[in-house]
Amino acid sequence: MITVLTGGTGGAKFVDGLRRILPPEELTIIVNTGDDHDWWGLYVSPDLDSITYVLAGILSPERGWGVRGDTFHCLQGMKDFGEPIWFSVGDRDLATHLLRTRLLSRGRTLTEATRIIAEKLGVRSLVLPMSDQRVETRIETPAGELSFEEYFVKRRYQDAVKNVRFAGASASKPAPGVLEAITKSDAVLIAPSNPTTSIGPILAVPGIRDALRETAARIVAVSPIIGNAAVSGPAASLMASQNLPASVAGIADSYAAFLDTLIVHDSDAETAQALSSISVEFVSTNILMRTPEDKVRIANSALACALPENAAVKLAS
Ligand code: GDP
């Protein structure tokens, strides 16, 4: 079994590559839920949705979120009512939020709701929220504290970031199956996701870091940073708020306590070699994922670094 820790868009691209080469039942995905928020009274979990949609083969390739070819009639209706529409929700996407909210209101856990939605969409891999308890990523800015979606979507990550905290994390527990997935896997992969706000919340759930330190599986990450910039999005300024340089050194530092190998871009190979003080092995390749072929190539590179030669995992033919 292969376990992946992941967030949203960068993570979804990586998982898209893995799903094309692994039998679905070999893949377990542990997903950030720090971005979850209430929207129009519905429980929205953006990263669970992106990962579920990519595994179902229905993620919009243009937007990187939501359902391919979706319409936006409800959004228009809410606009006409004068309701806030800064967070876009497509009509088929809306059905996911309605079903999840209904399941939760009837006493199902987030893990159960995620499994039910995934099954109905034909997903055969295991998609797990990091926790069944609410853990909220809060971004401290000069304009005050914002939820992740207010910072990222509403205000388009223009605010300076003073700090990031994960409200509720210390009282949360890993969702059922999360620790087992990490400790019983043949390999653990960390997607090229934002280390501060996509992987950070997962690591903030008590017990997950220890499981990563203790697992016998090799742990391999793909860098979301090339040179001194994120491939997309605000990872650089979020990392700076944690005193981490926006570079492969900063990524290696974030995961140093448990990481075996960091896959970096070819242009960072020399920088990585100079980091001899860090006990992480560096492998370089082209880590830009623009086409399905790129995604498959990077997924193969990560598996080649992570799997012992005698691993039981079979690649799909
Ligand atoms: P989001 O921030 O919630 O959208 O989700 P993620 O944390 O999963 O994705 C954002 C991260 O993915 C950013 O830090 C990007 O730099 C990274 N990313 C996006 N596209 C690519 C890519 O093609 N290659 C690599 N290596 N990283 C990418």
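Please refer to the structure higher up on the page.
All of these numbers come straight from a predicted model, not from anything done at the bench.

Trainee: Got a minute to help me understand the overall build of the protein chain in this structure?
Mentor: Counting its regular elements, the protein chain contains 13 helices and 14 strands. A globule of 317 residues ought to have a C-alpha radius of gyration of about 20 Å, and the protein chain, at 19 Å, matches this closely. Pairs at least 24 residues apart make up 68% of the contacts formed inside the protein chain by residues separated by at least 6 positions. In the form shown here, the protein chain has an accessible surface area of approximately 13,700 Å², with 50% of it arising from carbon and sulfur atoms.

Trainee: Would you take a moment to explain the sheet that holds strand β2 (residues 27-31) for this structure?
Mentor: Note on sheets: strands pair through backbone hydrogen bonds, and any given pair is parallel or antiparallel. Pairing in this open sheet of seven strands is parallel, and the strands run β5-β2-β1-β9-β10-β13-β14 from one edge to the other. The open sheet terminates on both sides in strands that have one partner only, identified here as β5 (126-129) and β14 (281-285). Each strand of the sheet is rotated relative to its neighbour by a mean of 20°, with strand direction disregarded. In terms of strand pairing, strand β10 (residues 218-222) meets strand β13 (residues 261-265) through three bridges, oriented parallel. Bridging from a neighbouring strand, alanine 221 pairs with leucine 262 of β13. Sitting on the sheet, helix α1 (residues 9-21) touches β1 (2-6), β2, β9 (187-190) and β10, and the angle it makes with β1 is about 165°.

Trainee: It is not clear to me how the environment of isoleucine 2 should be interpreted in this structure. Could you clarify?
Mentor: Mapped onto the elements of the fold, isoleucine 2 is located in strand β1. Not counting chain neighbours up to four residues away, the residues in contact with isoleucine 2 comprise Leu22, Glu26, Leu27, Thr28, Ser185, Ala187, Leu189, Leu303, Leu307 and Val313.

Trainee: Explanation requested: the site of the ligand in the structure shown.
Mentor: Residues in close proximity to the ligand total 21 residues, the closest being Thr9, Asn194, Ser198, Pro224 and Met289. Taking methionine 289, its main chain carries an N or O atom lying 2.8 Å from an oxygen atom of the ligand. In the complex, 96% of the free accessible area of the ligand, which totals 590 Å², lies under the protein chains. If you tally residues by element for the shell around the ligand, the top one is α1, at four residues. Grouping the constituent residues of the shell around the ligand by class yields eight nonpolar, ten polar and three charged.

Trainee: What am I meant to see in unusual backbone geometry here?
Mentor: Of all residues except glycine, most have a negative phi; of all peptide bonds, most are trans. Positive phi, close to 55°, is recorded for tryptophan 40, a residue that is not glycine. Here tryptophan 40 lies in the loop between β3 (37-39) and β4 (42-44). Look at tyrosine 157: it is not a glycine, yet its phi comes out positive at around 40°. In this fold, tyrosine 157 is placed in the loop between α6 (148-154) and β8 (163-167).

Trainee: What should I look at first to understand the packing of aromatic side chains in this one?
Mentor: Centre-to-centre distance and the angle between the planes together describe a pair of aromatic rings. Tallied over the entire structure, the rule returns eight aromatic pairs. Aromatic side chains phenylalanine 148 and phenylalanine 152 sit 5.2 Å apart centroid to centroid with 20° between the ring planes, which places their arrangement in the stacked category. On the criterion of helical spacing, the pair formed by phenylalanine 148 and phenylalanine 152 is a turn pair, its members being four residues apart in helix α6. For phenylalanine 148, a relative accessible area of 7% corresponds to the buried category.

Trainee: Whenever I open this one, the environment of arginine 218 confuses me. Can you help?
Mentor: For arginine 218, the location among the structural elements is in strand β10. Among residues more than four places away in sequence, those in contact with arginine 218 are Asp186, Ala187, Val188, Asp260, Thr261, Glu281, Cys305 and Ala306. Side-chain polar atoms of arginine 218 contact the side chain of threonine 261, separated by 2.8 Å.

Trainee: How should I be thinking about the pattern of salt bridges in this particular structure?
Mentor: Proximity of charged atoms lets side chains of opposite charge pair with each other. Inspection of the entire model under this criterion finds 13 salt bridges. Between aspartate 16 and arginine 20 there is a salt bridge; the shortest N-O distance is 3.2 Å. Pair noted here: aspartate 16 and arginine 20 are both in helix α1, with a separation of four residues, about one helical turn. A relative accessible area of 6% means that aspartate 16 is categorised as buried. By relative accessible area, arginine 20 is classed as partly exposed at 39%. For the salt bridge of arginine 138 with glutamate 136, the shortest nitrogen-to-oxygen distance reads 3.8 Å.

The rules we used
- Residues numbered from 1 in each chain as written.
- Predicted model: local features only at pLDDT ≥ 70, side-chain atom pairs only at ≥ 80, totals over all residues.
- Heavy atoms only, no water.
- Helix = DSSP H or I, 4+ residues; strand = E, 2+ residues; numbered from the N terminus.
- Rg over C-alpha atoms; globule rule 2.2 N^0.38 Å.
- Contact = heavy atoms within 4.5 Å.
- Areas by Shrake-Rupley, 256 points an atom, 1.4 Å probe, with all protein chains shown as cover.
- Pairing = 2+ DSSP bridges.
- Axes fitted to C-alpha atoms, helices over the stretch in contact; angles between N-to-C directions.
- Near = heavy atom within 4 Å.
- Polar contact = N/O pair within 3.5 Å; in protein donor to acceptor, adjacent residues only side chain to side chain.
- Nonpolar A, V, L, I, M, F, W, Y, C, P; charged D, E, K, R; others polar.
- Phe/Tyr/Trp six-rings, centres within 6.5 Å; stacked < 30°, edge-to-face > 60°.
- Buried < 20%, exposed > 50% of the residue type's maximum accessible area, 1.4 Å probe, protein only.
- Salt bridge = Lys/Arg side-chain N within 4 Å of Asp/Glu carboxyl O.

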